[in-house]
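So the chains spell out like this:
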Amino acid sequence: MTNLEQIDKTRIPQHVAIIMDGNGRWAQQRGKERCCGHQAGAETVNKITETAAYLGVRYLTLYAFSTENWNRPEFEVQALMQLFIDSLKEETLMKNNLRFRVIGDKERLPLNVRESINRCEADTSSNTGMTLVLALSYSSKWELTNAMRLLAEQIQEGKIRPCDINEENISQQLDTAFMPDPDLLIRTGGELRLSNYLLWQCSYTELYFCDTFWPDFSANDFYDAIIDYQHRERRYGKTREQIQ
Ligand code: FPP
């Protein structure tokens, strides 16, 4: 039985988040510049987007650039920004009926990147297929700080009281308010950490780590992650007896 056949099509995770790590090391292993790894990684983005949509995943959220990544060498940051512009193809998104969204501190992005994002978000807003979400200039600490500021403003304006703050209205102030929390988070590249990614939203997310560098991550590797997820028991703090 192939690993695609092992997947239970009735239990596909609704939301998969991915930390696409290992581009730099993939390139360095081949004696190439780090940016070649990012270019190869962009091809993997297309392949895995197609695979996830085919399986019926509703939201795919890819960590493409963290707020900390602004501290990388200037030429690498510029190469990544150009790669985002080159990769954001409305025709491909439309052809595949994908909705496109970006989460993160968009104000920090160069104007041409913001224009590409705005165009793709607007043009695909009525599509009905999977939502492809890019986390760009994103970090959880930035997002939560922003949410706290917004809630403080609402208190200052007398719209809510401090005792009205709850998990729901905090979630509503996050960039991710339009989608459910991830069911499965995959990190490629062998590191075992969350790197400031979706910390609030991953409270009950199943975590899957693999050593494969992102440019080498294949559809089969994605199926393996889904199969692993389907063997997990999600108890949300309850006992096994309660959920059975
Ligand atoms: C982490 O690997 C990856 C990034 C910081 C960039 C992610 C970008 C892409 C996958 C390419 C383009 C994306 C889109 C959406 C078109 P790393 O550079 O930290 O790798 P390393 O840990 O091996 O150094």
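Scroll up for the structure.
To keep things clear, this report deals only with the structure shown in the data block. (Residues numbered from 1 in each chain as written. Predicted model: local features only at pLDDT ≥ 70, side-chain atom pairs only at ≥ 80, totals over all residues. Heavy atoms only, no water.)

### Comments concerning the overall build of the chain
Piece 1. Secondary structure assignment for the chain yields 9 helices and 6 strands.
Piece 2. Computed over C-alpha atoms, the radius of gyration of the chain comes to 19 Å, within 12% of the 18 Å expected from 2.2 N^0.38 for 244 residues, which places it in the range of a compact globule.
Piece 3. When the backbone C-alpha atoms are referred to their principal axes, the chain occupies close to 60 × 50 × 35 Å.
Piece 4. In the chain, which comprises 244 residues, the proportion classed as buried is 47%.
Piece 5. Of the roughly 12,900 Å² of accessible surface on the chain, a fraction of 47% belongs to carbon and sulfur atoms. (Helix = DSSP H or I, 4+ residues; strand = E, 2+ residues; numbered from the N terminus. Rg over C-alpha atoms; globule rule 2.2 N^0.38 Å. Buried < 20%, exposed > 50% of the residue type's maximum accessible area, 1.4 Å probe, protein only. Areas by Shrake-Rupley, 256 points an atom, 1.4 Å probe, with all protein chains shown as cover.)

### Details of the nonpolar core
Piece 1. Ile 18, Phe 100, Leu 136, Ile 186 and Phe 222 are the most contacted members of the largest nonpolar core, which totals 44 residues.
Piece 2. Among the elements that line this core, the one with the most residues is helix α8 (residues 219–230), at 6 residues.
Piece 3. Beyond its immediate sequence surroundings of up to four residues, Ile 186 is in contact with Val 16, Ala 17, Ile 18, Ile 19, Tyr 208, Phe 217, Phe 222 and Ala 225.
Piece 4. Counting residues in hydrophobic clusters, the runner-up holds 13 residues, among them Ala 17, Ile 19, Ile 103 and Val 133. (Core = buried A, V, L, I, M, F, W, Y, C linked by side-chain atoms within 4.5 Å. Contact = heavy atoms within 4.5 Å.)

### Some thoughts on the sheet that holds strand β1 (residues 15–19)
Piece 1. Judged by pairing direction, the sheet is parallel, and its 6 strands sit side by side in the order β3-β4-β2-β1-β5-β6 without closing on themselves. Bordering the open sheet on either side are β3 (99–103) and β6 (206–209), each of which pairs with just one other strand. This sheet shows a mean twist of 20° between the axes of neighbouring strands, independent of strand direction.
Piece 2. Where β1 meets strand β2 (residues 59–66), 5 bridges bridge the pair, whose relative direction is parallel. Bridging from a neighbouring strand, Ile 19 pairs with Tyr 63 of β2.
Piece 3. Running at roughly 150° to β2, helix α3 (residues 74–87) makes contact with β2 and β4 (131–138) of the sheet.
Piece 4. Set on the sheet, helix α5 (residues 111–123) makes contact with β3 and β4; between it and β3 the angle comes to about 140°. (Pairing = 2+ DSSP bridges. Axes fitted to C-alpha atoms, helices over the stretch in contact; angles between N-to-C directions.)

### Digging into the pattern of salt bridges
Piece 1. The tally for this structure, following the rule as stated, stands at 18 salt bridges.
Piece 2. One salt bridge connects Glu 233 with Arg 240, and the closest N-O pair in it is separated by 3.0 Å.
Piece 3. Glu 233 sits in the partly exposed class, given a relative accessible area of 27%.
Piece 4. Shared partners join several salt bridges into a network, and the residues in it are Asp 21, Arg 25, Arg 187, Glu 191 and Arg 193. (Salt bridge = Lys/Arg side-chain N within 4 Å of Asp/Glu carboxyl O.)

### What to know about unusual backbone geometry
Piece 1. Although it is not a glycine, Asn 196 sits at a positive phi angle of roughly 65°.
Piece 2. Structurally, the position occupied by Asn 196 is in the loop between β5 (184–187) and β6.
Piece 3. Judged by relative accessible area, Asn 196 falls into the buried class, the value being 14%.
Piece 4. Positive phi values are uncommon outside glycine, yet Leu 198 reaches one of about 50°.
Piece 5. Within the secondary structure, Leu 198 sits in the loop between β5 and β6.

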